[in-house]
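These are the residues of each chain, in order.
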Amino acid sequence: MEIERKFLSSIPENISSYKMKELEQFYLCSEPVIRARREGDEYFLTYKSKGLMEREEVNLPLTEEAYLHLLQKADNPPIRKKRYFIPIEGTSLHIDFDIFEGELFPLVMGEIEFESGNAAKAFDMKSVPFFKREVTYDKDYHNSNLAKNGLPPNFD
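Residues numbered from 1 in each chain as written. Predicted model: local features only at pLDDT ≥ 70, side-chain atom pairs only at ≥ 80, totals over all residues. Heavy atoms only, no water.

**So, the pairing of strand E1 (residues 2-9)**
With 8 of 8 residues buried, E1 is to be regarded as a mostly interior element. Every second residue of E1 is oriented toward a common face, with Glu 2, Glu 4, Lys 6 and Leu 8 on one face and Ile 3, Arg 5, Phe 7 and Ser 9 on the other, all of them buried. One ladder, built from 2 bridges, connects E1 with strand E5 (residues 54-55); its direction is antiparallel. The partner of Glu 2 across the bridge, within E5, is Arg 55. Alignment of E1 against strand E9 (residues 108-113), held across 5 bridges, turns out to be antiparallel. Within E9, the residue paired with Phe 7 across the bridge is Gly 110. Both E1 and strand E10 (residues 131-134) contribute to a ladder of 3 bridges, which runs antiparallel. (Buried < 20%, exposed > 50% of the residue type's maximum accessible area, 1.4 Å probe, protein only. Helix = DSSP H or I, 4+ residues; strand = E, 2+ residues; numbered from the N terminus. Pairing = 2+ DSSP bridges.)

**Observations concerning a negative patch on the surface**
A cluster of like negative charges, contributed by Asp 41, Glu 42, Glu 64 and Glu 65, occupies part of the molecular surface. Tracing the sequence through the fold places Glu 65 in helix H1 (residues 64-71). (Patch = residues over 30% accessible without salt bridge, like charges linked within 9 Å, V, L, I, M, F, W, Y side chains within 5 Å. Areas by Shrake-Rupley, 256 points an atom, 1.4 Å probe, with all protein chains shown as cover. Salt bridge = Lys/Arg side-chain N within 4 Å of Asp/Glu carboxyl O. Lys, Arg positive; Asp, Glu negative; His and termini not counted. Charge placed at Lys NZ, Arg CZ, Asp CG, Glu CD.)

**Details of the side chain of Glu 24**
Structurally, Glu 24 is set in strand E2 (residues 19-30). In this structure the side chain of Glu 24 is engaged in a polar contact, spanning 2.6 Å, whose partner is the side chain of Tyr 67. A distance of 2.8 Å separates the side chain of Glu 24 from the side chain of Arg 80, its partner in a polar contact. If sequence neighbours within four positions are ignored, Glu 24 has contacts with Ala 36, Arg 37, Arg 38, Tyr 67, Pro 78, Ile 79 and Arg 80. (Polar contact = N/O pair within 3.5 Å; in protein donor to acceptor, adjacent residues only side chain to side chain. Contact = heavy atoms within 4.5 Å.)

**What to know about the side chain of Thr 46**
If you trace the backbone, Thr 46 turns up in strand E4 (residues 42-48). You can call Thr 46 buried: its relative accessible area is 2%. A polar contact of 2.4 Å, which involves the side chain of Thr 46, links it to the side chain of Asn 59. In contact with Thr 46, not counting residues within four places along its chain, are Val 33, Ile 34, Arg 35, Glu 57, Val 58 and Asn 59.

Here it is as structure tokens:
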């Protein structure tokens, strides 16, 4: 089960001091979500059920060959982003901090995964100074919809 909240963000000044991975991902289906992702030299196929803050997620390993084969079947161009891993002081949590590239630039979003729905609901976004607005419950900010529709009309 994936339990996460998402936030539009500004970029912290010290972003280059954090570990970073370049990601490329594309979608074969948006309901349910079927995604293929490249993280460096690792490849995954992911299934995500319906839901906003809480949903089932299953990851399966792929070969590069399978990833490239599936890429030819994608409905939309892949999303490319740089993902930084930012620990949240005083907690065991970290932020998956994404800076989108290409058509989705200048979108910047932070996601935090939680161990329970209660922990997610208890989190105060004001504890992270660069979070601007929560978009957990806005489907337009799901990556599958970003791939299909581009930047949401309410993006600021």
